[in-house]
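Inside the fold
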Amino acid sequence: QVQLVESGGGLVQPGGSLRLSCAPSGSIFGISTMAWYRQAPGKQRESVAVMSSGGTTNYADSVKGRFTISRDNAKNTVYLQMNSLKPEDTAVYHCNWRDWRTKDYWGQGTQVTVSS
């Protein structure tokens, strides 16, 4: 089955930056939204950034002004630019695409650790 594949996670110091990438392993059609979620140990999964098919974006208050979701249609790839990273941003980040039938496609998750 088609899955999303993330890359770009890793270990960074507070104040540093990372860019996560997400692309499908196969063909996915009729996408309505693209999003990034994260889950830290002992916490619920939360949505951090969402982009509609029309390009409208929404961000969680905790990341607003620091994170940017974008896409490259030619490469069929969605990105999450993460700037001014804080220790509380440490989590497993998952890419999510939803089609017009409300079927969800998920990535395997990539670890982001912010620590000095």
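As a reminder, the structure under discussion sits directly above these lines.
Position labels on residues start from 1 in each chain and follow its written sequence. This being a predicted model, a pLDDT of at least 70 is required before a residue's local features are given, and a value of 80 or more before pairs of side-chain atoms are given or counted; all residues contribute to the totals for chains, interfaces and linings. Values reported for side chains reflect all heavy atoms of the structure, with hydrogen atoms and water molecules removed beforehand.

**Describing the pattern of salt bridges**
Counted only if it meets this: The rule for a salt bridge is simple: a side-chain nitrogen of Lys or Arg has to be within 4 Å of a carboxyl oxygen of Asp or Glu. Exposure categories follow from relative accessible area, calculated using a 1.4 Å probe and restricted to protein chains: below 20% of the type maximum is buried, above 50% is exposed, and the middle band is partly exposed.
Applying the stated criterion across every chain yields a total of 5 salt bridges. Note that Asp61 and Lys64 form a salt bridge whose closest N and O atoms lie 3.3 Å from each other. On the basis of relative accessibility, which here comes to 68%, the residue Asp61 falls in the exposed class. As a salt-bridge pair, Arg98 and Asp104 come within 2.8 Å of each other at their nearest N and O atoms. The partly exposed category is assigned to Arg98, whose relative accessible area is 35%. On the basis of relative accessible area, Asp104 is assigned to the partly exposed category, the value being 30%. A cluster of three or more residues bridged by salt bridges with shared partners is formed by Arg38, Glu46, Arg66 and Asp89.

Distances and angles like these do not, on their own, reveal function.
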